[in-house]
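Structure at a glance
Spelled out, the chains give:
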Amino acid sequence: MRTFWLCLLSCCACVVFAQNPTSRVAVKWAPTGLALGSVSVQGEYNFAGKNSLTAKIGVPANTAATINYSNEKARFNMKATSFLAGYRRYLGKQAMRGLYVEPFFHYVHHIAEGRGDGTLENMPVTFNFTNDYDAYGLGVQLGSQFRLGKHVIVDLFFLGPQLASARNNFMATEQTTVVPWSRIQEEDARRQVTDFIDEFPFVRNKTTVAVDRSNKTVRADFKGLLPGVRAGVSVGIAF
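One structure accompanies this document, and this report is about it. (Residues numbered from 1 in each chain as written. Predicted model: local features only at pLDDT ≥ 70, side-chain atom pairs only at ≥ 80, totals over all residues. Heavy atoms only, no water.)

Let us look at the pairing of strand β3 (residues 51-60). Note: strand β2 (residues 38-47) against β3, ten bridges, orientation antiparallel. Among the inter-strand pairings, Val 41 is bridged to a residue of β3, identified as Ile 57. Connecting β2 to the antiparallel partner β3 that follows it, the hairpin turn spans three residues, and Ala 48 within it adopts a positive phi of roughly 50 degrees. The pairing of β3 with strand β5 (residues 72-90) spans eight bridges and is antiparallel. Each bridged residue has a counterpart across the sheet, and for Ala 55 the counterpart in β5 is Ala 85. (Pairing = 2+ DSSP bridges. Helix = DSSP H or I, 4+ residues; strand = E, 2+ residues; numbered from the N terminus.)

The following block contains the structure:
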């Protein structure tokens, strides 16, 4: 009975591909997503010759990173969720090969939590950090895709300018003592966060910094448009 069903399914698959011989599918993995805390799987469905629909889903995967904060090293754990959908047009004569242009929609939610040492009023302290980032963007990707043999596929997406509507909330909380900050410590903590935000040119002029002396917390909130560039590589199998 099992053999019968396998034969029947095989016949159905043959009929489907015979009716639509131009359909092609590729499943790819983008290792560059691991650097930001995401395992990214991409799919491509080719139709009408040189046209394809693409999609990418990124699921969270904890990644460790070290970031400079107030001349000290802060250790962060990061993870991200993302989704991308695009329409791809190949510029050469072959389907799913060569240079392409791809308008796309991109969503990403990135979370980072960290801990680091620093000073306030020349006294050593320890900070806990959290950062929560959300963005919806539109862009145009330029890339090139080629094959290694019949089935292995390599996708280089090397230039993808985009514009995103983004929100970011950064928070630094001192954990060393339970005593509220003095006025001098408050201003020192505010300056350190402001100096950190100033390292990001498109964010620094649109970020609001607020200090809670009682809870020894500095919060920096951003909301606005952010330009960016998407680039990377993926490898996979074409069917």
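Read on, since the account is not over.
Another point: the pairing of strand β6 (residues 98-120). In terms of strand pairing, β5 meets β6 through 15 bridges, oriented antiparallel. Directly across from Ser 82, in β6, lies its bridge partner Val 108.

Here we come to the pattern of salt bridges. According to the stated counting rule, one finds 15 salt bridges in the structure shown. Between Glu 44 and Lys 28 there is a salt bridge, and its shortest N-O distance comes to 3.1 Å. Of this pair, Glu 44 sits in strand β2 while Lys 28 sits in strand β1 (residues 24-30), and the two are 16 residues apart along the sequence. For Lys 28, a relative accessible area of 3% translates into the label buried. (Salt bridge = Lys/Arg side-chain N within 4 Å of Asp/Glu carboxyl O. Buried < 20%, exposed > 50% of the residue type's maximum accessible area, 1.4 Å probe, protein only.)

To continue, consider the layout of surface pockets. Volume-wise, the largest pocket comes out at about 1300 Å³. What lines the largest pocket is a set of 43 residues, and nearest its centre among them are Leu 36, Val 108, His 110, Tyr 133 and Leu 226. Elements represented by at least two residues in the lining of the largest pocket include exactly β2, β5, β6, β7 (123-148), β8 (152-174), α2 (183-197) and β10 (217-238). Residue classes in the lining of the largest pocket are distributed as 27 nonpolar, 14 polar and two charged. (1 Å grid on protein atoms, 1.4 Å probe; cavity = no way out; pocket = protein on both sides within 12 Å on 5 of 7 lines; lining within 4 Å. Points joined across faces, edges and corners; volume = space filled by probe spheres on them. Nonpolar A, V, L, I, M, F, W, Y, C, P; charged D, E, K, R; others polar.)

Considering all chains together, one arrives at twelve aromatic pairs under this definition. Geometrically, the ring pair formed by Phe 196 and Phe 200 is edge-to-face, given 5.6 Å between the ring centres and 80 degrees between the ring planes. Residue classification places Phe 196 among the buried positions, given a relative accessible area of 11%. A relative accessible area of 38% places Phe 200 in the partly exposed class. Cation over ring: Arg 88 sits above Tyr 100, and NZ or CZ is 3.7 Å from the ring centre. Lying across the ring of Phe 157, Arg 230 places its NZ or CZ 4.3 Å from the centre. (Phe/Tyr/Trp six-rings, centres within 6.5 Å; stacked < 30°, edge-to-face > 60°. Lys NZ or Arg CZ within 6 Å of the ring centre and 35° of its normal.)

A few words now on empty space enclosed by the protein. All chains considered together, the criterion is met by one cavity of 30 Å³ or more. Taken as a whole, the largest cavity encloses approximately 80 Å³ of empty space. In terms of lining residues, the largest cavity is bounded by 13 residues, among which Gln 42, Thr 54, Arg 88, Glu 102 and Arg 230 are the most central. Sorting the residues of the lining of the largest cavity by element identifies β2, β3, β5, β6 and β8 as the ones contributing at least two each. Considered class by class, the residues forming the lining of the largest cavity number four nonpolar, three polar and six charged.

Here the focus is α2. Along its 15 residues, α2 runs 21 Å from first to last C-alpha, staying within 8% of the 21 Å computed at 1.5 Å per residue. Buried residues of α2: Gln 185, Glu 186, Asp 188, Ala 189, Gln 192, Val 193, Phe 196 and Ile 197, and no others. (Expected span 1.5 Å × (residues − 1).)

The subject of this paragraph is the side chain of Ser 52. Mapped onto the elements of the fold, Ser 52 is located in strand β3. Ser 52 sits in the buried class, given a relative accessible area of 0%. Polar contacts involving the side chain of Ser 52 include one to the side chain of Glu 44, which spans 2.8 Å. Dropping the residues within four chain positions of it, Ser 52 is found in contact with Glu 44, Tyr 45, Asn 46, Phe 47, Gly 86, Tyr 87, Arg 88, Tyr 90 and Met 96. (Polar contact = N/O pair within 3.5 Å; in protein donor to acceptor, adjacent residues only side chain to side chain. Contact = heavy atoms within 4.5 Å.)

Examined against the element boundaries, His 106 turns out to sit in strand β6. By relative accessible area, His 106 is classed as buried at 15%. Sequence-distant contacts of His 106, defined by excluding residues within four places in its chain, comprise Lys 56, Ser 82, Phe 83, Leu 84, Ala 135, Tyr 136, Gly 137 and Gln 162.

Turning next to the nonpolar core. With 25 residues, the main nonpolar core has Tyr 69, Phe 127, Phe 129, Phe 170, Ala 172 and Val 193 as its most contacted residues. Of all the secondary-structure elements, those providing two or more residues to this core are β5, β6, β7, β8, α2 and β10. Excluding residues that lie within four positions of it along the chain, Val 193 makes contacts with Tyr 69, Phe 170, Ala 172, Val 209, Val 218 and Ala 220. Within the second largest apolar cluster, seven residues are counted, among which are Met 96, Tyr 100, Phe 157 and Ala 238. (Core = buried A, V, L, I, M, F, W, Y, C linked by side-chain atoms within 4.5 Å.)

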